[in-house]
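Reading the structure
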Amino acid sequence: MITYENLHDTLSFYNIDCRQSYYISSGKHIFEFPRTSFRMDYYALCICTAGEIEIKIDLETYQLKTHSFLIAAPSTIVRFLKTSDDFKMKLLFFDKNFLIKNISNPFIIEKMNLFCKGSYSIIKTAAKNSLLLQNLLDYLKEKSEKQGKFTEEIIRTIIFNILLETAEIVEKESENSLEKDGNKDIFLKFTKLIRENIRHQKTVQYYADQLFVSNKYLIEIIKKASGKTPHQVIDETLLKEAFVMLGNPEVTISEIAFELQFNSASAFGRFFKKHTLISPSEYRIRENIQS
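All figures in this text were calculated on a predicted structure; none of them were measured in a lab.

1. Quick word on the packing of aromatic side chains
For the structure shown, the criterion picks out twelve aromatic pairs. For the ring pair Y62 and Y120, a centre distance of 5.9 Å and an interplane angle of 75° mean the geometry is edge-to-face. Here Y62 is found in strand β6 (residues 60–65), whereas its partner Y120 is found in strand β10 (residues 120–124), with 58 residues between them in sequence. According to the relative accessible area criterion, Y120 is buried, its value standing at 3%. Taking the ring centre of F98 as reference, the NZ or CZ of R156 above it sits at 4.6 Å. Here the basic side chain of K202 rests over the ring of F262, its NZ or CZ set 4.6 Å away from the ring centre.

This is the structure we're talking about:
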């Protein structure tokens, strides 16, 4: 697997020389793709505007046709398999640090629930939704080509707008998918229960009991609805709760561990580091969270 360490290297796939913290494509025909899998090190929105492309993400293969889009977070592993001769797509790459500059909540993107499959979503949507995103990308590109006192802030605002519109589309299409599968009620109840009880209950069995279904059946339903296991959904929600609590400098790490029902501060630290690669104290230092 090839790893690209910055946006300049990532965009070199497309013979694009870009040294900024974001890039917006013009939507021209793209004929050249990397031949091997690579890891996305930037956030990406890719909209198929014509033709189709077959891609592989992790171990899953997908067909993106006109008005389908991929929204992906850093660490997503992608491989382009094949494209039709008329394939076109519009792209937006951006660095999270650029987007959240001067924003107090560093996890605002995570709260949008953009990624149904863990680190990405692939959505087939209506033409009007696709065109809305495409028009926003065109507007973003137009603004990015003008240099002014507030250009950076304007760019950030438009990208946020694009992400929020994308989040609404993802949520709506996911709900439609759940309705077709007949699993919407259980999945929505499951996620609601987790949000309400995450500080006190972390076992899949607890939530299965509350929903009056077996462990095995709950795993099948949640996996089909979200692409994740119930345990993964629980861990993601628990991690978000940990981020919120760590943002309060008046609460100690030991108190957070106790509140989240970990056996010790060390156990909480291992959980946090497993998902973020840094310890809770290192996170606070990095984010300058001090009492």
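2. Quick look at the sheet that holds strand β4 (residues 43–50)
The antiparallel open sheet is built from five strands, whose spatial order is β2-β9-β4-β7-β10. Bordering the open sheet on either side are β2 (22–24) and β10, each of which pairs with just one other strand. For this sheet, the mean inter-axis angle between neighbouring strands, taken without regard to orientation, is 10°. Pairing between β2 and strand β9 (residues 88–94): three bridges, direction antiparallel. What sits directly across from I24, in β9, is L92.

3. Quick word on the side chain of T166
Residue position: T166 is located in helix α4 (residues 151–181). A polar side-chain atom of T166 sits 2.7 Å from the main-chain carbonyl oxygen of I162. Contacts of T166, omitting those with residues within four sequence positions, involve L45, F69, I71, L114 and L133.

4. Observations regarding the environment of A73
Inspection of the secondary structure puts A73 in the loop between β7 (68–72) and β8 (77–83). C-alpha separation for the pair A73 and R39, spaced 34 residues apart in sequence, amounts to 10.0 Å. Excluding residues that lie within four positions of it along the chain, A73 makes contacts with M40, Y42, Y43, F115 and S119.

5. A few points about the pairing of strand β5 (residues 52–57)
Looking at chain direction, β5 and β6 are connected through six bridges and run antiparallel. Each bridged residue has a counterpart across the sheet, and for I53 the counterpart in β6 is L64. When β5 meets β8, the two strands line up antiparallel, connected through five bridges. Looking at β8, one finds that I53 is bridged to T83.

6. Side note on the pattern of salt bridges
Applying the stated criterion across every chain, the model contains ten salt bridges. Linking R156 and E153 is a salt bridge whose minimum nitrogen-to-oxygen distance equals 2.6 Å. Here E153 and R156 lie together in helix α4, a separation of three residues that amounts to about one turn. Ionic pairing is found between E287 and R286, a salt bridge with its closest N-O pair at 3.1 Å. Among the residues examined, E287 registers a relative accessible area of 30% and is labelled partly exposed.

7. Remarks on the nonpolar core
Counting residues in each nonpolar core, the largest one holds 33 residues, and the members touching the most others are F190, L218, L260, F262, F268, F272 and Y283. Looking at this core, the elements that each hand over two or more residues are α5 (184–197), α6 (204–210), α7 (215–226), α8 (230–246), α9 (253–259) and α10 (265–276). Here this core takes eight residues from α8, the largest share from any one element. Once you skip the residues sitting within four places of it in the chain, L260 turns out to touch R199, K202, L238, E241, A242, M245 and F268. Judged by nonpolar contacts, the second largest core, of 30 residues, contains L133, L136, F160 and A167.

About the cut-offs
Residues numbered from 1 in each chain as written. Predicted model: local features only at pLDDT ≥ 70, side-chain atom pairs only at ≥ 80, totals over all residues. Heavy atoms only, no water. Phe/Tyr/Trp six-rings, centres within 6.5 Å; stacked < 30°, edge-to-face > 60°. Helix = DSSP H or I, 4+ residues; strand = E, 2+ residues; numbered from the N terminus. Buried < 20%, exposed > 50% of the residue type's maximum accessible area, 1.4 Å probe, protein only. Lys NZ or Arg CZ within 6 Å of the ring centre and 35° of its normal. Pairing = 2+ DSSP bridges. Axes fitted to C-alpha atoms, helices over the stretch in contact; angles between N-to-C directions. Polar contact = N/O pair within 3.5 Å; in protein donor to acceptor, adjacent residues only side chain to side chain. Contact = heavy atoms within 4.5 Å. Salt bridge = Lys/Arg side-chain N within 4 Å of Asp/Glu carboxyl O. Core = buried A, V, L, I, M, F, W, Y, C linked by side-chain atoms within 4.5 Å.

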